Amino acid sequence: MLPSYKILFLGSGTSAGVPMVACDCPVCHSSDPHDRSTRSSIYISVGGLKILVDTSPDFREQALRHDIRRVDHIFITHAHVDHLFGLDDIRRINTVQNTDIPLHAAPETLTDIRRIFDYVFRDPIPGTYRPQLTLLEMRGPILIDAPAGGQVEVAPVDVVHGHTKTLGYVFTYAGRRFGYVPDCHEMPPATKAALSSIDLLVIDTLKRTPHPTHLTLEAALSFIDELKPRRALLTHIGHSLSHAELEAELAAHGPVKVAPAYDGLEVEP
Ligand SMILES: [Zn+2]
Ligand SMILES: [Zn+2]
Ligand SMILES: [Zn+2]
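All values derive from a computational prediction rather than experimental measurement. (Residues numbered from 1 in each chain as written. Chains lettered and ligands numbered in written order. Predicted model: local features only at pLDDT ≥ 70, side-chain atom pairs only at ≥ 80, totals over all residues.)

Draft legend 1. Main features of the overall build of the protein. Helix and strand content of the protein: 7 helices and 14 strands. Rg of the C-alpha trace for the protein: 18 Å, near the compact-globule value of 18 Å for 269 residues, within the 12% margin. With respect to the three principal axes, the spread of C-alpha positions in the protein is 55 × 45 × 35 Å. Counting across all 269 residues of the protein, residues that qualify as buried make up 45%. Intrachain contacts of the protein at a sequence separation of at least 6 include 66% that bridge at least 24 residues. (Helix = DSSP H or I, 4+ residues; strand = E, 2+ residues; numbered from the N terminus. Rg over C-alpha atoms; globule rule 2.2 N^0.38 Å. Buried ≥ 20, exposed ≤ 12 C-beta atoms within 10 Å, placed from the backbone. Contact = placed C-beta atoms within 7 Å.)

In structure tokens, the structure reads:
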């Protein structure tokens, strides 16, 4: 039997979420629950570890929806609001598990976190509570002991996403490799090499028309065809893409199997 390795999409939407506030478009008024997307984040259960990637502004709602009670490690892709601003709600997890939580991110991202959440790192006022985090610089692949045996390797990969330092992550356990790249416009050659021929690739797909910091559907599919994962899922999806239409359109895509992710989707790499 394969050791347990599951990825839960807490959120699969773009920075504004879907539906967007004050929008009259058909997707924002869709009755399909797959067209309701909170801000992108995933929760990985691997080898007995619980790993959260990004703390979106919707983290509280996502944690309630999925009854999340444990987080062993947090990995942050970058310091944009839609990937970070739920960090304060981690304090409830600290209280429940009574431990600090290691938070891994690029050094530039940690600098932003220390600035944005400066109160977290000041001397505590007795009787108040706040996130308890151990900030760790992500400068290369790390190994984490898995309670179920073996180790989980987490490797950062650089992506181009406007002016903000941004990482994707490759998680490897029991020979299975999963790459998560929610915000991306371009990839350097080393990143393409690290994401090549993996078991599951989750990649940014904002919309069909060009955007200065995100991938179009066409560009995401072109990366998928080039990188040849066993399977691919699209995330960080905006309100111009209807889930049902996109899923039907992608059913014809080959040879790599591609589908849009949605909130609540659980997959194994
Ligand atoms: Zn984003
Ligand atoms: Zn809309
Ligand atoms: Zn971003």
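Draft legend 2. Inspection of helix H6 (residues 217-227) at higher detail. For H6, the full list of buried residues reads Leu 217, Ala 220, Phe 223, Ile 224 and Leu 227. On an axial view of H6, the arc spanned by its buried residues comes to 125°, and they lie on one face. Opposite the buried face of H6, by more than 90 degrees, sit the exposed residues Glu 218, Ser 222 and Glu 226. Residues of H6 that are buried make contact with helix H5 (189-194), strand E11 (200-204), strand E12 (231-235) and strand E13 (257-260). Looking one or two places after H6, you find Lys 228, whose phi comes out positive at around 50°. (Arc of directions from axis to C-beta.)

Draft legend 3. Spotlight on the pairing of strand E5 (residues 101-105). Pairing of strand E4 (residues 73-75) with E5 involves 2 bridges; the strand directions are parallel. Note on E5: the bridge partner recorded for Phe 75 is His 104. Sheet analysis places E5 next to strand E6 (residues 133-137), joined by 5 bridges and oriented parallel. When the bridges of E6 are listed, His 104 appears paired with Leu 136. Taken together, E5, helix H4 (residues 107-116) and E6 constitute a β-α-β crossover, and its handedness is right-handed. (Pairing = 2+ DSSP bridges. Right-handed = clockwise from strand over helix to strand, strands pointing away.)

Draft legend 4. Structural view of the nonpolar core. Grouped together as the largest cluster of nonpolar side chains are 64 residues, with contacts concentrated most on Phe 171, Leu 201 and Ile 203. Filtering out sequence-adjacent residues up to four positions away, Ile 203 remains in contact with Val 181, Cys 184, Leu 215, Ala 220, Phe 223, Ile 224, Ala 232 and Leu 234. (Core = buried A, V, L, I, M, F, W, Y, C linked by C-beta atoms within 7 Å.)

Draft legend 5. Molecular detail of the sheet that holds strand E9 (residues 166-173). Spatially, the 7 strands line up as an open sheet ordered E7-E8-E9-E10-E11-E12-E13, and their pairing is mixed. Every interior strand has two partners, whereas the edge strands, strand E7 (142-145) and E13, have only one. Within the sheet, the average angular offset between the axes of one strand and its neighbour, ignoring direction, is 20°. Relative to E13, E12 is paired through 4 bridges, and the arrangement is parallel. Bridging from a neighbouring strand, Arg 231 pairs with Lys 257 of E13. (Axes fitted to C-alpha atoms, helices over the stretch in contact; angles between N-to-C directions.)

Draft legend 6. Quick peek at unusual backbone geometry. Cis geometry is adopted by the peptide bond preceding Pro 19, which originates at Val 18 and carries an omega value of 0°. Residue Pro 255 is bonded to the preceding Gly 254 through a cis peptide linkage, with omega at 0°. One non-glycine residue with positive phi stands out, namely Asn 98, at about 55°. In this structure, Asn 98 sits in the loop between helix H3 (90-97) and E5.

Draft legend 7. Representation of the environment of Leu 84 in the model. Mapped onto the elements, Leu 84 comes out in helix H2 (residues 81-84). As a C-alpha pair, Leu 84 and Arg 177 span 93 residues in sequence and 25 Å in three-dimensional space. Discounting chain neighbours no more than four positions away, the residues touching Leu 84 are Asp 54, Thr 55, Ile 76 and Ala 79.

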